[in-house]
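# Overview (structure and organization)
Chain by chain, the residues:
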Amino acid sequence: MKIIEIDLNYKAKEESVIALGNFDGVHRGHIELIKKAIENAKKLNIKSSLLLFNEHTDNLVKVGKKDIITTNKTKFEILENLGVDIIYLINFTKEFMSYSPIKFLDDFLAKNLKIKGVVVGYDYTYGYKKSGNIEFLRENKSLFETVEIIEQISYKGEKISSSLIRKLIENGKIKEANFLLSRPYKLIGEIIHAKGLGKKMGYPTANLRLIDNFVIPKFGVYDTDIIIKGKKYKASTNIGTNPTVEHDGIKIEAHILDFYEDIYGEIVELELLDFVRPELKFNSVEELFEQIAKDVLVTRNR
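Just so it is clear, the model here is predicted, and its values are computed rather than measured.

About the criteria used
Residues numbered from 1 in each chain as written. Predicted model: local features only at pLDDT ≥ 70, side-chain atom pairs only at ≥ 80, totals over all residues. Heavy atoms only, no water. pLDDT = per-residue confidence, 0-100. Contact = heavy atoms within 4.5 Å. Buried < 20%, exposed > 50% of the residue type's maximum accessible area, 1.4 Å probe, protein only. Helix = DSSP H or I, 4+ residues; strand = E, 2+ residues; numbered from the N terminus. Pairing = 2+ DSSP bridges. Axes fitted to C-alpha atoms, helices over the stretch in contact; angles between N-to-C directions.

Mean pLDDT over the protein: 91, with 92% of residues reaching 70 or higher. Note that pLDDT drops below 50 for residues 59–63; the model gives that stretch 8 contacts with residues more than four away or on any other chain.

Spelled out as C-alpha cells, the structure:
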C-alpha cells in the first residue's frame, strides 16, 4: 500500500476508485464502503484509494481538539490489511474547505487525482459548508465511470457511526464498541514512572501516558491485552483518578500478568476487551488491593 502526502495541486500518476468519508475509527460501516471501492477497482482493473485527512476535519472548524478513536498509523494498518492500494493524505485547510462541490468533484477528484470511480455513504457531504450531497454527486456522475452509494448500516436500529462508538466507549460498553469496530478499542501510550504503590503491594503496574487525545473510557477496571514490542500479554487495567489514594488527574495503570521486564519509555498498545467494574473509593489501601486481587483473577481466568 502506498501512502502519498498531497496538496490541492497534486497530480496523481495512477487511476483509481476512491472511497470517501471521515473514516474516524474505521468501523463496520466504513469497512463495507472500503470493500466496495476495492471490488469496483478490481472490476475496472485499476487501483483502490482513500482520501484521509492528517487531522479530524472538526479540528479546523470547532474549538478544542477532537477526541480520536484511531490514530492514522493504526488506520494505515487496518486499511492495508483490507487491501487498499493507495492512501492520499492531505491537510484539511480553509482553502480546501472553501471548494465548491463541483470543484471538488471535477477539478480535485476527476482531474487531479484521476478518479474513475467513487464510493460514498448515503449521507456523505462535501464542498463549501457541506453544500455537496449525494443528489449532486448523482447529477454529475458522468465525471466518473462508476458512482456507488452505500446505504445506512445499522446496529440495534441505530446508524453505525463514530459518534455511537464514542458514546459506547464513554459508557464503558466496550464489547459493543469493539463489535462495531470489528476489533478491540485501543489506547496507545508511553510507559512512565509513577509512585510505585502497586509494586510495594505486590501488584506492579505499567502506567501509560497517552500519545494522542483518545476517547477516554468510563472510569473503572477493564480486562485488557497489552502489546509490548510486538508481543501480547494479559493485563488488568484501571482507568480513572484512583480516588482511594490520590486525586491528580486521570491515570491508566495496567497490571501485566506474569511480566517482570523493565519497559519504561516503551510505546505500548492497550486493547480493551471488557468492562469489569466501575471505579470505587475504598476505606483503606488494604481494601483497594483486596479488590485488585479479585480484578486480576477476572483477567487470569478468561
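Moving on from the coordinates now.
Moving on, we come to helix 5 (residues 101–112). What helix 5 keeps buried is the set Pro101, Phe104, Leu105, Asp106, Phe108, Leu109, Ala110 and Asn112. Summarising the contacts, the buried residues of helix 5 are in contact with strand 2 (16–19), strand 3 (47–53), strand 4 (86–90), helix 4 (94–97), strand 5 (115–121) and helix 6 (134–139).

Looking now at the sheet that holds strand 5. Judged by pairing direction, the sheet is parallel, and its 6 strands sit side by side in the order 1-4-3-2-5-6 without closing on themselves. Whereas interior strands pair on both sides, the edge strands pair on one side only; in this sheet they are strand 1 (2–5) and strand 6 (146–150). Pairs of neighbouring strands in the sheet enclose a mean axial angle of 20°, with direction left out of account. In the sheet, strand 2 pairs with strand 3 via 4 bridges, with the strands oriented parallel. Looking at strand 3, one finds that Val17 is bridged to Ser48.

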